[in-house]
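Residue strings, one per chain:
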Amino acid sequence: MTRSLADRAVQQRRVVIENNHGEKLSGILHETGSKQLVIVCHGFQSSKERIPMVNLAAALEKEGTSAFRFDFAGNGESEGLFQYGNYRREAEDLRAVVQYFRGENREISAVIGHSKGGNVVLLYASKYNDVHTVVNISGRFNLEKGMEGRLGKDFLLRLQQHGYIDVFNRKGKFEYRVTEESLKDRLTTDTRAACLLIQQECRVLTVHGSMDKIVPVEDALEFAKFIPNHKLHIIKGADHEYTSHQVSRTSEE
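Conventions we followed
Residues numbered from 1 in each chain as written. Predicted model: local features only at pLDDT ≥ 70, side-chain atom pairs only at ≥ 80, totals over all residues. Heavy atoms only, no water. Helix = DSSP H or I, 4+ residues; strand = E, 2+ residues; numbered from the N terminus. Rg over C-alpha atoms; globule rule 2.2 N^0.38 Å. Buried < 20%, exposed > 50% of the residue type's maximum accessible area, 1.4 Å probe, protein only. Contact = heavy atoms within 4.5 Å. Areas by Shrake-Rupley, 256 points an atom, 1.4 Å probe, with all protein chains shown as cover. Lys, Arg positive; Asp, Glu negative; His and termini not counted. Charge placed at Lys NZ, Arg CZ, Asp CG, Glu CD. Pairing = 2+ DSSP bridges. UniProt positions renumbered as here; feature names shortened; annotations may be inferred. 1 Å grid on protein atoms, 1.4 Å probe; cavity = no way out; pocket = protein on both sides within 12 Å on 5 of 7 lines; lining within 4 Å. Points joined across faces, edges and corners; volume = space filled by probe spheres on them. Nonpolar A, V, L, I, M, F, W, Y, C, P; charged D, E, K, R; others polar. Phe/Tyr/Trp six-rings, centres within 6.5 Å; stacked < 30°, edge-to-face > 60°. Lys NZ or Arg CZ within 6 Å of the ring centre and 35° of its normal. pLDDT = per-residue confidence, 0-100. Expected span 1.5 Å × (residues − 1). Salt bridge = Lys/Arg side-chain N within 4 Å of Asp/Glu carboxyl O. Axes fitted to C-alpha atoms, helices over the stretch in contact; angles between N-to-C directions.

For the protein, the name recorded in an unreviewed UniProt entry is alpha/beta-hydrolases superfamily protein, with Salix purpurea as its organism.

Below, the structure written as structure tokens:
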């Protein structure tokens, strides 16, 4: 007799994976006993513990599918220094995770990324073409946009004058440094070219909130133009974090 989902024991355990720079990436495996595994990737200055990542893993649990959410290098509990940009390097972090679990005889059924993580999973798909279901949640298509909000309107001038920009939060606390090299990394990450390289056999789902003020919903329409096998789903009223569409784990339990 097949056990119901409610009867299945879901175990959560920490897994540490080394990337190709020798940095240890920290993650949480939601183990349902399934051979199939979905990897969940967080966004800019985020972590595996943010509500969208935790709830995505929980939703997969309910379907009986194991999930792994992890911190990119320089984020959360992983080793390494945080760097602005870093899209391609984070795609290589994802590569290390995929290879690790394939070595454990797991089938990577999908990769999911939120915000910057959405860009990362698309870059991964464009380069490796070995995971055939990709979910891009609120990714940004045009990486030349969206910088003034964090760096200020005159950020290019200040970067040329000083060679770097220090970014502080609203309370005046230092958060991170943007160098010319890290800014160039972002500006030379070609989303359109990456989308065109994704193979037909790779199914891509883009999900975006209609009220997203961080990444405008128009970006989602651009992904739809260039990815060969693409489905677009706009969630009415949703913001960038899908705040009003989240269910807290406490209230759910």
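Anyway, onward from the coordinates.
Undergrad: How do you make sense of the overall build of the protein when you look at a structure like this?
TA: Helix and strand content of the protein: nine helices and ten strands. For 253 residues, the compact-globule estimate of 2.2 N^0.38 gives 18 Å, and the C-alpha radius of gyration of the protein, at 18 Å, lies within 12% of that figure. With respect to the principal axes defined by its C-alpha atoms, the protein has extents near 70 × 35 × 35 Å. In the protein, which comprises 253 residues, the proportion classed as buried is 49%. A sequence separation of at least 24 residues applies to 68% of the contacts in the protein between residues at least 6 apart. A total of about 13,200 Å² of accessible surface is found on the protein, and carbon and sulfur atoms cover 49% of it. Of the side chains in the protein, 35 bear a positive and 34 a negative charge, and the two mean positions are spaced by 2 Å.

Undergrad: What exactly am I supposed to notice about the pairing of strand 1 (residues 11–18) here?
TA: Consecutive residues of a regular strand have side chains that alternate between opposite faces of the sheet. Here eight bridges tie strand 1 to strand 2 (residues 24–31), and the two strands are oriented antiparallel to one another. Bridge pairing links Arg 13 to Leu 29 in strand 2. Taken together, strand 1 and the strand that follows it, strand 2, pair antiparallel across an intervening segment of five residues, in which Gly 22 is found at a positive phi of about 80°.

Undergrad: How should I be thinking about the UniProt feature "domain: Serine aminopeptidase S33" (unreviewed entry) in the protein in this particular structure?
TA: Annotation from UniProt places "domain: Serine aminopeptidase S33" (unreviewed entry) at residues 34–160. This span, residues 34–160, is 41% helix and 19% strand, and a straight line between its end C-alpha atoms measures 52 Å.

Undergrad: Any chance you could explain empty space enclosed by the protein here in plain terms?
TA: Over the atoms a probe the size of a water molecule is rolled, and this reveals where empty space is left. This model, assessed by the stated rule, comprises one cavity of 30 Å³ or more. Size it by volume and the largest cavity reaches roughly 60 Å³. The element contributing the most residues to the lining of the largest cavity is helix 3 (residues 116–128), with three residues. Along the lines of polarity and charge, the residues of the lining of the largest cavity split into six nonpolar, three polar and no charged.

Undergrad: I'm lost on the packing of aromatic side chains in this one. Help?
TA: Here a ring pair, both rings aromatic, is described through the centre-centre distance and the interplanar angle of the planes. Applying the stated criterion across every chain yields a total of 13 aromatic pairs. Consider the rings of Phe 70 and Phe 72, whose centres lie 5.0 Å apart with planes at 70°: the pair is edge-to-face. Residue Phe 72 is classed as buried on the basis of its relative accessible area of 0%. Summarising the aromatic geometry, the rings of Tyr 84 and Tyr 176 are spaced 6.1 Å apart at their centres and angled 15° between planes, so their arrangement reads as stacked. Of this pair, Tyr 84 sits in the loop between strand 4 (66–70) and helix 2 (87–103) while Tyr 176 sits in strand 8 (residues 174–179); the two residues are 92 residues apart in sequence, bridging distant segments of the chain. Accessibility assignment for this pair places Tyr 84 and Tyr 176 in one class, buried. One residue, Arg 177, lies across the ring of Tyr 164, its end atom 3.7 Å from the ring centre.

Undergrad: Teacher, can you tell me more about the confidence of the model for the protein here?
TA: If pLDDT is low for a region, its predicted coordinates should not be looked at in detail. Averaged over all residues, the pLDDT of the protein equals 91, while 94% of them reach at least 70. A low-confidence stretch, residues 249–253 (pLDDT under 50), is modelled with five contacts involving residues beyond four sequence positions or located in other chains.

Undergrad: Help me out: how do you make sense of helix 1 (residues 51–62) in this one?
TA: An α-helix turns once per 3.6 residues; consequently, residues spaced three or four apart project the same way. End to end, helix 1 covers 16 Å across twelve residues, agreeing with the expected 16 Å (1.5 Å per residue, within 8%). At the exit of helix 1 stands Gly 64, carrying a positive phi of roughly 85°.

Undergrad: I keep staring at the pattern of salt bridges and nothing clicks. Help me out?
TA: Following the criterion strictly, the structure yields 16 salt bridges and no others. The residue Asp 130 makes a salt bridge to Arg 95 at a minimum N-O spacing of 2.6 Å. One end of the pair, Asp 130, is in the loop between helix 3 and strand 6 (133–137); the other, Arg 95, is in helix 2, and 35 residues separate them in sequence. Residue classification places Arg 95 among the buried residues on the basis of a relative accessible area of 18%.

Undergrad: Please clarify how the environment of Ala 67 should be interpreted in this entry.
TA: Examined against the element boundaries, Ala 67 turns out to sit in strand 4. Residue class for Ala 67 comes out buried when judged on its relative accessible area of 0%. In this structure the C-alpha to C-alpha distance between Ala 67 and Val 111, which are 44 residues apart in sequence, comes to 9.7 Å. The residues contacting Ala 67, other than those within four sequence positions of it, are Ile 28, Leu 29, His 30, Leu 37, Val 38, Ala 57 and Leu 60.

Undergrad: Can you help me understand the sheet that holds strand 6 in this one?
TA: Each strand in a sheet pairs with another by means of backbone hydrogen bonds, the pair being arranged parallel or else antiparallel. Strand order in this open sheet of eight strands is 1-2-4-3-5-6-9-10, and the pairing throughout is mixed. Two strands close off the open sheet at either side, each with one partner strand: strand 1 and strand 10 (230–235). Mean inter-strand twist for the sheet, computed between neighbouring axes without regard to direction, equals 20°. Here strand 3 (residues 36–41) runs beside strand 5 (residues 107–114); their pairing, made up of six bridges, is parallel. Residue Val 38 lies in a different strand from strand 5, and its bridge partner there is Ala 110. Here helix 3 sits on the sheet in contact with strand 3, strand 5, strand 6 and strand 9 (203–209), set at roughly 140° to strand 5. Lying over the sheet, helix 8 (residues 218–226) contacts strand 6, strand 9 and strand 10, oriented at roughly 165° with respect to strand 10.

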